[in-house]
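What follows is the residue order along each chain.
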Amino acid sequence: MLKPPLPLGSLLFLQLPLLGVGLTPAVLTPSGNEDITADFFLTSTPPGNLTVSTPPLPEVQCFVFNIEYMNCTWNSSSQPQPTNLTLFYWYKNSDYDKVQECGHYLFSSDITSGCWLQKEEIHLYETFVVRLQDPWQPSRQATKKLKLQDLVIPRAPENLTLRNLSESQLELSWSNRDLDHCLEYLVQYQSDRDHSWTEQLVDHRPSFTLPSVDGQKCYTFRVRSRYNPLCGSSQLWSKWSRPIKWGNHTSNETLLLFALKAVFIPLGSMGLVISLICVYCWLERTMPRIPTLKNLEDLVTEYHGNFSAWSGVSKGLAESLQSDYSERFCHVSEIPPKGGAPGEGPEGSPSSQRSPYWAPPCYTLKPET
Amino acid sequence: MTTPASADHVPWYIFGIPPLILVLLPVASPDCEIEGKNGEEYRHVLTVSFEILAPIGENDSNCLNNEHNFFKKHSCDDDKEATFLKTAARKLKHFLNTNIHEELKHHLSIVSQGTLKLLNCTRKEAKKSLKEQRKQDDMCFLRMLLQQIKTCWNKILRGTKEH
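Note that the coordinates shown come from a computational prediction; the quantities given were computed from them, not determined experimentally. (Residues numbered from 1 in each chain as written. Chains lettered and ligands numbered in written order. Predicted model: local features only at pLDDT ≥ 70, side-chain atom pairs only at ≥ 80, totals over all residues. Heavy atoms only, no water.)

(A) Representation of the pattern of salt bridges in the model. Under the criterion given, the structure shown has 10 salt bridges over all chains. Between Arg-163 of chain A and Glu-171 of chain A there is a salt bridge, with the nearest N and O atoms lying 2.8 Å from each other. With a shortest N-O distance of 2.7 Å, Lys-155 of chain B and Asp-78 of chain B are connected by a salt bridge. With Lys-155 of chain B in helix α7 (residues 139-158) and Asp-78 of chain B in the loop between α3 (69-73) and α4 (81-93), the pair connects residues that are 77 residues apart, well separated along the chain. Assessed through its relative accessible area of 4%, Lys-155 of chain B is described here as buried. A relative accessible area of 29% means that Asp-78 of chain B is categorised as partly exposed. The network of salt bridges with common partners includes Asp-78, Glu-81 and Lys-155 of chain B. (Salt bridge = Lys/Arg side-chain N within 4 Å of Asp/Glu carboxyl O. Helix = DSSP H or I, 4+ residues; strand = E, 2+ residues; numbered from the N terminus. Buried < 20%, exposed > 50% of the residue type's maximum accessible area, 1.4 Å probe, protein only.)

(B) Structural detail: the packing of helix α2 (residues 40-53) of chain B against helix α5 (residues 102-119) of chain B. All names here are of chain B. Relative to each other, α2 and α5 sit at 145 degrees, their axes nearing to 9 Å. For the pair α2 and α5, the crossing hand works out as left-handed. Here Glu-41, Val-45, Leu-46, Ser-49, Phe-50, Ile-52 and Leu-53 of α2 come into contact with α5, specifically with Glu-103, Leu-104, His-107, Leu-108, Ile-110, Val-111, Gly-114, Thr-115 and Leu-118. Grouping the constituent residues of the contact of α2 with α5 by class yields 10 nonpolar, 4 polar and 2 charged. (Axes fitted to C-alpha atoms, helices over the stretch in contact; angles between N-to-C directions. Left-handed = near helix turned anticlockwise from the far one by under 90°. Contact = heavy atoms within 4.5 Å. Nonpolar A, V, L, I, M, F, W, Y, C, P; charged D, E, K, R; others polar.)

(C) Here's a closer look at the packing of α2 of chain B against α7 of chain B. All names here are of chain B. Where α2 contacts α7, the axes come no closer than 11 Å and their chain directions differ by 155 degrees. When the axis of α2 is compared with that of α7, the two are roughly antiparallel. Two packed elements cross with a definite hand, and for α2 against α7 that hand is left-handed. Here α2 contributes Tyr-42, Leu-46, Phe-50 and Leu-53 to the contact with α7, which in turn contributes Leu-146, Ile-149, Lys-150, Trp-153, Asn-154 and Leu-157. Partitioned by chemical class, the residues of the contact of α2 with α7 number 8 nonpolar, 1 polar and 1 charged. (Parallel < 35°, antiparallel > 145°, perpendicular 65-115°, else oblique.)

(D) Focus on the layout of surface pockets. Approximately 940 Å³ is the volume found for the second largest pocket. Lys-147 and Asp-150 of chain A together with Gln-147, Gln-148 and Thr-151 of chain B are, among the 42 residues lining the second largest pocket, the residues nearest its centre. Of the residues forming the lining of the second largest pocket, the biggest block, 8 residues, is contributed by α7 of chain B. Here the lining of the second largest pocket spans two domains, and each of domain 1 (60-151) and domain 2 (153-252) of chain A adds at least three residues to it. (1 Å grid on protein atoms, 1.4 Å probe; cavity = no way out; pocket = protein on both sides within 12 Å on 5 of 7 lines; lining within 4 Å. Points joined across faces, edges and corners; volume = space filled by probe spheres on them. Domains from an automatic or database assignment.)

(E) Region of the structure containing the environment of Pro-206 of chain A. Residues and elements named next belong to chain A. Assignment of secondary structure puts Pro-206 in the loop between β13 (198-202) and β14 (207-210). As a C-alpha pair, Pro-206 and Val-223 span 17 residues in sequence and 9.8 Å in three-dimensional space. The contacts of Pro-206, once residues within four sequence positions are left out, are Leu-172, Ser-173, Trp-174 and Tyr-185.

(F) Representation of a nonpolar patch on the surface within the structure. Judged by side-chain polarity, Val-10, Trp-12, Tyr-13, Ile-14, Phe-15 and Ile-17 of chain B come together as a nonpolar surface patch covering roughly 700 Å² of accessible area. By relative accessible area, which is 49% here, Tyr-13 of chain B ends up partly exposed. (Patch = residues over 30% accessible without salt bridge, like charges linked within 9 Å, V, L, I, M, F, W, Y side chains within 5 Å. Areas by Shrake-Rupley, 256 points an atom, 1.4 Å probe, with all protein chains shown as cover.)

(G) Main features of the confidence of the model for chain B. Residues and elements named next belong to chain B. Across chain B, the average pLDDT comes to 79, with 74% of residues at 70 or higher. A low-confidence stretch, residues 1-5 stays under pLDDT 50, and its non-local contacts, those more than four residues away or across chains, total 0 contacts. Low confidence marks residues 129-137, where pLDDT is under 50. Its contacts with residues over four positions away, or in another chain, come to 9 contacts. Two numbers describe this predicted complex: its pTM, 0.63, and its ipTM, 0.76. (pLDDT = per-residue confidence, 0-100.)

(H) Expanded view of the packing of aromatic side chains. This model, assessed by the stated rule, comprises 16 aromatic pairs over all chains. Pairing Phe-71 of chain B with Phe-141 of chain B gives two aromatic rings, centres 5.6 Å apart and planes at 40 degrees, and the pair type is tilted. Residue Phe-71 of chain B is located in helix α3, and its partner Phe-141 of chain B is located in helix α7; the two are separated by 70 residues in the primary sequence. Accessibility assignment for this pair places Phe-71 of chain B and Phe-141 of chain B in one class, buried. Considering the side-chain rings of Phe-95 of chain B and Phe-141 of chain B, the 6.2 Å spacing of their centres and the 25 degrees angle between planes classify their relative orientation as stacked. Of this pair, Phe-95 of chain B sits in the loop between α4 and α5 while Phe-141 of chain B sits in helix α7; the two residues are 46 residues apart in sequence, bridging distant segments of the chain. The pair Phe-95 of chain B / Phe-141 of chain B is uniform in exposure class, with both members buried. Taken together, the ring pairs connect Tyr-189, Phe-208, Tyr-219, Phe-221 and Trp-246 of chain A into an aromatic cluster. (Phe/Tyr/Trp six-rings, centres within 6.5 Å; stacked < 30°, edge-to-face > 60°.)

(I) Here's a closer look at the pairing of strand β2 (residues 69-73) of chain A. Relative to β2 of chain A, strand β1 (residues 61-65) of chain A runs antiparallel, the two being bridged by 5 bridges. Bridged to Phe-65 of chain A within β2 of chain A is Tyr-69 of chain A. (Pairing = 2+ DSSP bridges.)

Okay, here's the thing in structure tokens:
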């Protein structure tokens, strides 16, 4: 069996590391515990190469939601060409300084637009470093350092409760899961007579006292929270809590009833009257005038039987109602059955017999004068 | 008849162990007892000074990218928060002898002294040399130092351990 000569084998061996050197683009600067893969992306284009202007990457924004999960997002539609950008992250000067790629990308129109990080990947008090990168142009990248404790958005306060401390003093209290002493609160309230909210900043104690309330008014309260200042310096408020009401709720109803009575009913009535008047006028125009019926005695005593004058019907109308033809009375008789026909006509022949109910025309047209 | 292995033959090094323990005990045991964990002093005193000192180094856009060896050696790790704060607060004191505005010096003093007071440390350390002090004339380093002190306080006041 032939064996390769020893010098050739050693030469082959020596070539392997040389191949590796040829692949790395530049001298890597030591950077602590960062992975070599990250170091590759850290280097810029080799010196001497022409710099080609590349479009800037969108800015990454990260928010920590109630310290349960974190979303780092960017505007993927701002890119001139749709590109699936990749996200890497690590924690600086920390036990969690290993560079990791996002394990759960968020998509918008099938393009990566964010990264979701679970609770176990969030270390609030370590410096969070995030890098957005174009996989097709590794030199196109943007790195950002963040203090996660300043990017917390807590959950909205819950279970708002009101109680009377005294006749005019009211206490509002609420609860916030998980973060309690780390939060400060903003309380807003307004009465049904106010046009804007009154607000009060409250420290970590989840209660607020309104020293003087008007029993005739209806008050509405709502609260939101912020992760500040003890455990972080976030300026991001949570959503508002569900509002809670206190007071004389009927005052609202009274106002509504008053509006109904004072405004809607008179307006409605006026509208009805006006519409009836309009209908009457329309009927007057379109329908002929019905003659007024006066006292029947006046027909005889005053008008001497002149019906048209008595009824008020105009002469023209009276003439138009007269018939323009004369009509003779026709005697219509029934031909008796066989055995005696009292009504036999002058013809008297069987051939001239007609239908029992036939009658000759009995009218003639009156010549027009 | 054999003589029993007896108390007469006690190894000599046993007597060195108690003194050794006494010497090593201050090093091994923490010498600071953090007070003010309810956050009242932090909220009403330190927070105010932090806000006033926040603009330091703001104009230096490359500030946060600078690497300082101090933070590679000292960090607010779990169970080492007091140690870090003590070291950082002492480092902060060096800037009191630099050419910065008197008002800023006043608030630096509040943060430094206030932190050390709340730490309630029993052991005092020797003063640093002037040579090292000159190296601290770095506003960027001061900015990062203040941020790290604030972050460490936030971590202590939150009261839970990082996972």
